[in-house]
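Working through the structure, step by step
If you want the building blocks of each chain, they are given just below.
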2 protein chains.
Amino acid sequence: MTRATARSVAEAAGVSRTAVSFAFNDPAKISADTRRRILAEAERLGYSPHPVARALNRGTTDALGLLLPQPIPEVLENPYYNLFLQGVGQVCQREGLTLLLTPPLRGSMLTAIPYAAVDGFIVSGLEVDRGEVAALQRRHVPFVLVDSDAPEGVPSVEVTDRQGMADVVQHVLELGHRRIALLSFEAGPDRATGYRGPLARRLAGADEALRRVGLSLSAPGIDLVEVPCTRGAGYDAVAALLARADRPTAIVTFSDILALGALDAARDAGIDVPGELSVTGYDDQPDASYARPQLTTVRQSIEAKGRVAADFLVSAITGDAHHPHQVLHTTLIVRGSTGPAPDDRIPAG
Amino acid sequence: MTRATARSVAEAAGVSRTAVSFAFNDPAKISADTRRRILAEAERLGYSPHPVARALNRGTTDALGLLLPQPIPEVLENPYYNLFLQGVGQVCQREGLTLLLTPPLRGSMLTAIPYAAVDGFIVSGLEVDRGEVAALQRRHVPFVLVDSDAPEGVPSVEVTDRQGMADVVQHVLELGHRRIALLSFEAGPDRATGYRGPLARRLAGADEALRRVGLSLSAPGIDLVEVPCTRGAGYDAVAALLARADRPTAIVTFSDILALGALDAARDAGIDVPGELSVTGYDDQPDASYARPQLTTVRQSIEAKGRVAADFLVSAITGDAHHPHQVLHTTLIVRGSTGPAPDDRIPAG
DNA sequence: CTGAAAGCGCTTACAG
DNA sequence: CTGAAAGCGCTTACAG
């Protein structure tokens, strides 16, 4: 017992394979009666055109690919991707497309590319380009870069990360804080090559704001700590920071998840937020406003990012030759988790 | 400028197309030298075998399909799927597979099936079978049913939902609660046809526990409220319940997300949990233990569910003819959000 | 070690 | 309105 093909349906219905194809793809070309007969046989035999054969023929798979920097389980641990996928999913819905999650193959994004049967890729979290962009270009596979350092002539979506981080650091500085810990998520496996992409931009933004008051990332009192992007890792790091004699009066995180962990740690250490400690997040995920105190954070619309990226990809696939490049803005959202510095307060001016 | 094919590489390297194929798939069949030359040309031209053509030929796509009951954005709004995808993703990682998210096409899961180029499907949240199972079977597409009422002879993964809900309801009853609101997520679009799948099993479990103390789902004091599965919807529903004169002393939810919303509502209404109100969740998602008070809940390993489903699918694809059926167990996790009923306490015995 | 040929299952001009 | 034929891009026995 094997799968029905156009041929078996044609034989059963007493028509040619062409007629079977027309019944599914171009009904006007056969009589209504013939079509009915064919469709009935197809139904009976459980036939539908083989999707792969169809894709080969029409040159389209009706699938968008999402090229991931890490295995699926690791990527999804960060709620960021949940939101991003929702944005991409909106476009899939509108266009009747499916979405192929494409994790690295044998550890390499590059290797994964040629195996994915998709009409194009959204490339996410490409921190260091080790040939991915060139490979995609030479293969003439449409793609969009998200949150990378996109070269000229490549559709891309970015966020004003530098500005966003400068804003929140400035906010904290204006509140008088001078012992500040920056809690960043780790750069990917390519950290050795230096900071790239959004992480680099955020660090630059922090540095910029610090310099406006005569400080910098390497000034005394300013710490930079890198941890995996999980609530537990945020907790641990902040618990350690808070145990120090000269503990920071403000924790500026690079992700709401980390900030939530910071809030947990402060609560368990009996340290009042924002009275004794200010905490800021980044992203403004839904949990940020469910937290108590509610998180001061930098809003970026992750969902919009996914949506725009998918839109760009769809138009690249459709043959739109121009290479859109959109920069989404960020907004500082001041809520209850930040307040005046408890002691290091400096006189205005 | 078009995409390189095996033919163009063959011409450039001065060999046959067969040799090009061998260079990629069966190196032993050509000389090392020839292979090097071919690979160099391929690299230069940006050639790699067309994934769709390859899939047609080999009869495998190296992709697992996840057949979704709703559009991607709606599905992902529930963190449940995030965990489920992580479990599936583990298997993808191990097997070197990609994962195709397949939302309904034109509103129908059934329509989506024939368009997806995958080696098999994980069918999730199929509440009412309107032909999906038969379609998959007649097409000889391997598949696994998750959280459905699986017919005989179909690989499936389920959870002891009846037991799980019976346990938590019994826990609340033992604490003396008699005015209890059950907060359920809505049945899908097929609600008109009655409860199915896990929802039906959970309701049966609740009823079972209630009957052991002479109550039932329709007894006075027992309310059943259905809402969308979001924190906000949980909040709204519980806020309304708490505003009533004869407000419940316990809220038994069908999802941690709803329970989190219940906690929010209680806090905003100034009602102490667990002093004045007990709240229970379901799933034991990570947030359940981050909440304050920590949530009493029913643990099910959603991740394990995804992993087992993917494992079953992989073996079905590999040709394993037997149809495994696994029932994952649940565990009642008692934490701080439940306590003795404040007034309706009844004497023991 | 290499190449001509058939075939994977379909679609679509093209000729009747 | 229908059918024989070529082609999508590849893989793989098979014969040299």
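From a predicted model like this one, the values you see are computed outputs, not experimental measurements.

This part is about the interface of chain B and chain A. Each partner contributes residues to the interface: chain B has 56 residues there, and chain A has 56 residues. Roughly 4700 Å² is buried in total at the junction of chain B and chain A, and carbon and sulfur atoms are behind 59% of that figure. It is V52, R138 and Y290 of chain B in chain B that bury the most area against chain A; as a group they hold 12% of the surface buried on that side. For the side of chain B that touches chain A, the secondary-structure elements that each account for two or more residues are helix 3 (32–45), helix 4 (51–58), helix 5 (72–77), helix 6 (79–95), strand 2 (98–102), helix 11 (231–242), helix 12 (256–268) and helix 13 (286–290) of chain B. Ranked by residue count, the leading element in the side of chain B that touches chain A is helix 6 of chain B, at seven residues. Its residues assigned to classes, the side of chain B that touches chain A comprises 29 nonpolar, 14 polar and 13 charged. With three bridges connecting them, strand 2 (residues 98–102) of chain A and strand 2 of chain B associate as antiparallel partners. The residue bridging L100 of chain A from the neighbouring strand is L100 of chain B, located in strand 2 of chain B.

The subject of this paragraph is the packing of aromatic side chains. Tallied over the full model, the rule gives 10 aromatic pairs over all chains. Ring plane angle 85 degrees and centroid distance 6.4 Å describe the contact between F185 of chain A and F254 of chain A, whose orientation is recorded as edge-to-face. Here F254 of chain A lies in the loop between strand 8 (250–253) and helix 12 (256–268) and F185 of chain A lies in strand 6 (residues 180–185), a separation of 69 residues in the sequence. The pair F185 of chain A / F254 of chain A is uniform in exposure class, with both members buried. Ring centres of Y80 of chain B and F84 of chain B lie 6.4 Å apart, and the angle between their planes is 10 degrees; on these two criteria the pair is classed as stacked. Within this pair, Y80 of chain B and its partner F84 of chain B are both found in helix 6, separated by four residues, close to a single helical turn. Taking the relative accessible area as the measure of exposure, Y80 of chain B reaches 12% and is therefore buried. A relative accessible area of 1% means that F84 of chain B is categorised as buried. Here the aromatic residues Y80, Y81 and F84 of chain A are joined through ring pairs into a cluster of three or more.

Another aspect to go through is the protein's contact with DNA strand D. In the vicinity of DNA strand D, 24 residues are found, and the nearest of them are T18, K29 and N57 of chain A together with A6 and N57 of chain B. For DNA strand D, the fraction of protein-proximal atoms (within 4 Å) that sit in sugar or phosphate groups is 60%. At 3.2 Å, a backbone N or O of S16 of chain A approaches a phosphate oxygen of DNA strand D. Here a base nitrogen of DNA strand D sits 2.7 Å away from a polar atom, N or O, in the side chain of T18 of chain A. Contributing elements (two or more residues each) for the surface near DNA strand D: helix 4 (51–58) of chain A together with helix 2 (17–25) and helix 4 of chain B.

Take the sheet that holds strand 8 (residues 250–253) of chain B next. Each strand in a sheet pairs with another by means of backbone hydrogen bonds, the pair being arranged parallel or else antiparallel. Residue and element names in this part refer to chain B. Strand order in the open sheet formed by four strands is 7-6-8-9, with parallel pairing between adjacent strands. The sheet is open, and its two edges are formed by strand 7 (222–227) and strand 9 (278–280), each paired on a single side. Neighbour-to-neighbour, the strand axes of this sheet turn through a mean angle of 15 degrees, independent of strand direction. Bridge count for strand 6 (residues 180–185) against strand 7 is six bridges, and the pairing is parallel. Residue pairing for strand 7: S184 is matched across the bridge by E226. Sheet strands in contact with helix 9 (residues 161–174) are strand 6, strand 8 and strand 9, and its direction is about 175 degrees off that of strand 8.

A separate point is the sheet that holds strand 7 (residues 222–227) of chain A. Residue and element names in this part refer to chain A. With parallel pairing, four strands are arranged side by side in an open sheet as 7-6-8-9. Strands at the two margins of the open sheet, each flanked by one partner only, are strand 7 and strand 9 (278–280). In this sheet, adjacent strand axes meet at a mean angle of 15 degrees when their direction is disregarded. Sheet strands touched by helix 9 (residues 161–174): strand 6, strand 8 and strand 9. Its angle to strand 8, the strand with the most contacts, is close to 175 degrees. Sheet contacts for helix 12: strand 6, strand 7, strand 8 and strand 9; angle to strand 9, the most-contacted strand, approximately 155 degrees.

So, about helix 10 (residues 197–211) of chain A. Residue and element names in this part refer to chain A. For helix 10, spanning 15 residues, the distance from its first C-alpha to its last is 21 Å, which sits close to the expected 21 Å at 1.5 Å a residue. Taken as a whole, helix 10 has its buried residues at G197, P198, L199, R201, R202, L203, G205, A206, D207, A209 and L210. Here the buried face of helix 10 lies against strand 5 (156–159), helix 9, strand 6 and strand 7.

Let's shift gears to the pattern of salt bridges. Here the structure, examined in full by the defined rule, presents 42 salt bridges over all chains. R244 of chain A is the partner of D246 of chain A in a salt bridge, and the nearest nitrogen-oxygen pair spans 3.7 Å. Of the residues examined, D246 of chain A reaches a relative accessible area of 44% and is grouped as partly exposed. Residue R247 of chain B pairs with E276 of chain B through a salt bridge whose shortest N-O separation is 3.4 Å. Here E276 of chain B lies in the loop between helix 12 and strand 9 and R247 of chain B lies in the loop between helix 11 and strand 8, a separation of 29 residues in the sequence. The partly exposed category is assigned to R247 of chain B, whose relative accessible area is 24%. By sharing partners, the salt bridges in this structure join R231, D264, R267 and D268 of chain A together with D287 of chain B into a single network.

Here we take up helix 4 of chain A. Among all positions in helix 4 of chain A, only P51, V52, R54 and A55 of chain A are buried. Taken around the axis of helix 4 of chain A, the buried residues stretch over an arc of 160 degrees, which confines them to a single face. Its buried side turned inward, helix 4 of chain A meets helix 2 (17–25) of chain A together with helix 4 of chain B. Positive phi shows up at G59 of chain A, right after helix 4 of chain A, with a value of about 70 degrees.

This paragraph deals with the environment of P142 of chain A. All names here are of chain A. Locating P142 in the fold gives a position in the loop between helix 8 (132–138) and strand 4 (143–146). For P142, a relative accessible area of 22% gives the class partly exposed. Residues in contact with P142, not counting those within four places in the same chain, are D119, G120, F121, L313, A316 and I317.

Moving on to the protein's contact with DNA strand C. Taken together, 25 residues form the shell around DNA strand C, and within it A6 and N57 of chain A together with T18, K29 and N57 of chain B come nearest. Of everything in DNA strand C that lies within 4 Å of the protein, sugar and phosphate atoms constitute 59%. Between DNA strand C and T18 of chain A there is a distance of 3.4 Å, counted from a base oxygen to a side-chain nitrogen or oxygen. Contact between DNA strand C and T34 of chain B: a phosphate oxygen at 3.0 Å from a side-chain N or O atom of the residue. Of all the secondary-structure elements, those providing two or more residues to the surface near DNA strand C are helix 2 and helix 4 of chain A together with helix 2 and helix 4 of chain B. Considering every element that reaches the surface near DNA strand C, the biggest residue donor is helix 2 of chain A, with five residues. Within the surface near DNA strand C, the residues separate by chemical class into 10 nonpolar, 12 polar and three charged.

Another point: the packing of helix 9 of chain B against helix 10 (residues 197–211) of chain B. Residues and elements named next belong to chain B. Where helix 9 contacts helix 10, the two axes come as close as 7 Å, and the packing angle between them is 35 degrees. Note that helix 9 runs across helix 10; the crossing there is right-handed. Along the contact surface, helix 9 presents D161, R162, M165, A166, V169, Q170 and L173, while helix 10 presents P198, R201, R202, A204, G205, A206, E208, A209 and L210. Grouping the amino acids of the contact of helix 9 with helix 10 by side-chain chemistry returns nine nonpolar, two polar and five charged.

What counts as what
- Residues numbered from 1 in each chain as written.
- Chains lettered and ligands numbered in written order.
- Predicted model: local features only at pLDDT ≥ 70, side-chain atom pairs only at ≥ 80, totals over all residues.
- Heavy atoms only, no water.
- Contact = heavy atoms within 4.5 Å.
- Buried area = accessible area lost by both parts, 1.4 Å probe.
- Helix = DSSP H or I, 4+ residues; strand = E, 2+ residues; numbered from the N terminus.
- Nonpolar A, V, L, I, M, F, W, Y, C, P; charged D, E, K, R; others polar.
- Pairing = 2+ DSSP bridges.
- Phe/Tyr/Trp six-rings, centres within 6.5 Å; stacked < 30°, edge-to-face > 60°.
- Buried < 20%, exposed > 50% of the residue type's maximum accessible area, 1.4 Å probe, protein only.
- Near = heavy atom within 4 Å.
- Polar contact = N/O pair within 3.5 Å; in protein donor to acceptor, adjacent residues only side chain to side chain.
- Axes fitted to C-alpha atoms, helices over the stretch in contact; angles between N-to-C directions.
- Expected span 1.5 Å × (residues − 1).
- Salt bridge = Lys/Arg side-chain N within 4 Å of Asp/Glu carboxyl O.
- Arc of directions from axis to C-beta.
- Left-handed = near helix turned anticlockwise from the far one by under 90°.

None of this, on its own, says anything about what the molecule does.
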